Amino acid sequence: MDWCFWIGSTIFLATYILIASEKVHKVICVLSGAALMFIFVLHKGHGSGESLTGMAAEYAKLDVWARYVNFDVVFTLCGMMILVNILSTTGLFQYVAIKCAKIAKGSPIKMMILLSLATAFMSAFLDNVTTILLVAPVTLLVCAELGVSAIPFLITETMSSNIGGTATLIGDPPNLIIGSFAKLDFMAFFINLAPFIVVLMGLYMVCLWLYYRKKFYVTIEKRARIMELDEKAAITDRKKMTGGLIVMLLTIAGFLSHSFTGLEPGVVAMTGAAVALAVCKVDVEKALEKVEWVTLFFFIGLFVLVAGAKDCGLIAFIGEGLKILNTVHPLLTILIVMWVCGSIAAVTNNVSFTAAVVSIIALFMQNAPAFQGNEALCELMWWALALAVCLGGNGSLVGAAANLVAMGLAEKAGHKLSFKDFLRYGIPVTAGSMICASIYIAARYAIQTGF
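Because the structure is predicted, anything quoted here is derived from the model rather than measured.

Colleague: Go over the overall build of the chain, please, and point to the residues and values.
Modeller: What the chain contains, in helices and strands, is 22 helices and zero strands. Relative to the compact-globule value of 22 Å for 451 residues, the chain shows a C-alpha radius of gyration of 23 Å, a close match. Seen along its three principal axes, the alpha-carbon backbone of the chain occupies a region of about 75 × 50 × 45 Å. Counting only residues that meet the buried cut, the chain has 55% of its 451 residues in that class. The long-range share in the chain, meaning contacts at least 24 apart out of those at least 6 apart in sequence, stands at 82%. Here the chain has roughly 19,900 Å² of accessible surface; of this, 67% comes from carbon and sulfur atoms.

Colleague: Explain unusual backbone geometry to me, using residue names and the numbers behind them.
Modeller: The phi angle at Lys183 is positive, at roughly 60 degrees, despite the residue not being glycine. Looking at where Lys183 falls in the secondary structure, it is placed in the loop between α9 (173-182) and α10 (186-212). The residue Lys281 is not glycine, and still its phi comes out positive at about 50 degrees. The exposure class assigned to Lys281 is exposed, which follows from its relative accessible area of 71%.

Colleague: Can you break down the packing of helix α4 (residues 71-88) against helix α5 (residues 92-103) residue by residue, with the values?
Modeller: Their axes nearest at 7 Å, the elements α4 and α5 cross at an angle of 65 degrees. In this structure, α4 contributes Val84, Leu87 and Ser88 to the contact, and α5 contributes Leu92, Phe93 and Gln94. Here the residues of the contact of α4 with α5 are counted per class, giving four nonpolar, two polar and no charged.

Colleague: Give a description of a nonpolar patch on the surface that names residues and reports values.
Modeller: A surface patch of nonpolar side chains, amounting to about 400 Å² of accessible area, comprises Trp3, Leu36, Ile39 and Phe40. Ranked by residues supplied to the nonpolar patch, first place goes to helix α2 (residues 26-40) with three residues. Relative to the elements of secondary structure, Leu36 occurs in helix α2. On the basis of relative accessible area, Leu36 is assigned to the partly exposed category, the value being 37%.

Colleague: Please set out the side chain of Ser161 residue by residue, giving values where relevant.
Modeller: Its place among the elements puts Ser161 in helix α8 (residues 151-165). Aside from chain neighbours lying at most four places away, what touches Ser161 is Thr119, Ser123, Asn128 and Ile132.

The rules behind each value
- Residues numbered from 1 in each chain as written.
- Predicted model: local features only at pLDDT ≥ 70, side-chain atom pairs only at ≥ 80, totals over all residues.
- Heavy atoms only, no water.
- Helix = DSSP H or I, 4+ residues; strand = E, 2+ residues; numbered from the N terminus.
- Rg over C-alpha atoms; globule rule 2.2 N^0.38 Å.
- Buried < 20%, exposed > 50% of the residue type's maximum accessible area, 1.4 Å probe, protein only.
- Contact = heavy atoms within 4.5 Å.
- Areas by Shrake-Rupley, 256 points an atom, 1.4 Å probe, with all protein chains shown as cover.
- Axes fitted to C-alpha atoms, helices over the stretch in contact; angles between N-to-C directions.
- Nonpolar A, V, L, I, M, F, W, Y, C, P; charged D, E, K, R; others polar.
- Patch = residues over 30% accessible without salt bridge, like charges linked within 9 Å, V, L, I, M, F, W, Y side chains within 5 Å.
- Salt bridge = Lys/Arg side-chain N within 4 Å of Asp/Glu carboxyl O.

Structural measurements only, silent on function.
Quick look at the structure:
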């Protein structure tokens, strides 16, 4: 443990504490932390012990940011943001929300369930934050017409977004980080997580029905107002919507065909974005203005921070501490890691936590006798981690970005929800979903090993 270890560890931990405190904007935190890592830890020739030959020499020729940032994740997010922004201008998502409300015939509990299911489905293929930004305004409008509080609706939609996003590689940013690091493609996520998430959403809807079915009362007159809403009027550009949907479906097909084509998600997403910009004939400058650059730069800074933590020896130090689990049964080890990661993700931020923990988990599995050479067991650990950090994001207001966005929209509309109020909803949902996820992982282990 030399001076590099202590400086790198201090920069890393201080940055994470600042992010969690929300006293300083998260992008300022990570970019400042990344700059300090470059200056004190990641500068040329220090700490890595590599001679400039072979692959190291090739990396030395790259721009310093390109050596440490996973641009496949960045470009996947960017491409999908462009695609979603194009579709959002057509009124498609508003159409879906209003249609759900009308199918429910103004019944609050039915409307809550349908909107939650629609949100979960969209979140499996779109960015969670974008889904909430599209669904929340319509939810606020419908709740105002019915005269019921929008808070339960927004919370259930947000949690459905985090649950639904767990199903695919592109559904939730932590999955992108895990998939890129562990070399798991879209089809692998879809096959291994989507069936469980469908079951989990079904259980969640049953719980919503039992809890809320007698808590809302709406008059016949107010229900009639919902039925008068015209969902077709929400569609502003049918031609653009059709073109955008076709490109979106082809892009998803590109993700699914990775094992045949070998194309990385970033290539597929950016190709889809380029085709959509051309086919839909949108104003390119306006389309790019709506890209969530805050999120992208947050990821860029995170990757550098984690690289610095790895280079200074912090990741290896934590990984050494996990050796105490070497004598524990593999299934119990996975479940312990799962619950610890889910709990931490709930009180920090699941994206930033995932960026840091993947390297620690990978190092632990390289050194743990039970996991060495056991590809199936290693994959099971990755699925457990994905479930933990995504579902753990529902634990508190700061657990996932979608939570903060939804509550920000609610506050602008005059609906105040405190951190403590969110916990009353988040803790039971997170605990219940984590218990279900643990049962799923245990069942998978039993099937694989015959235990």
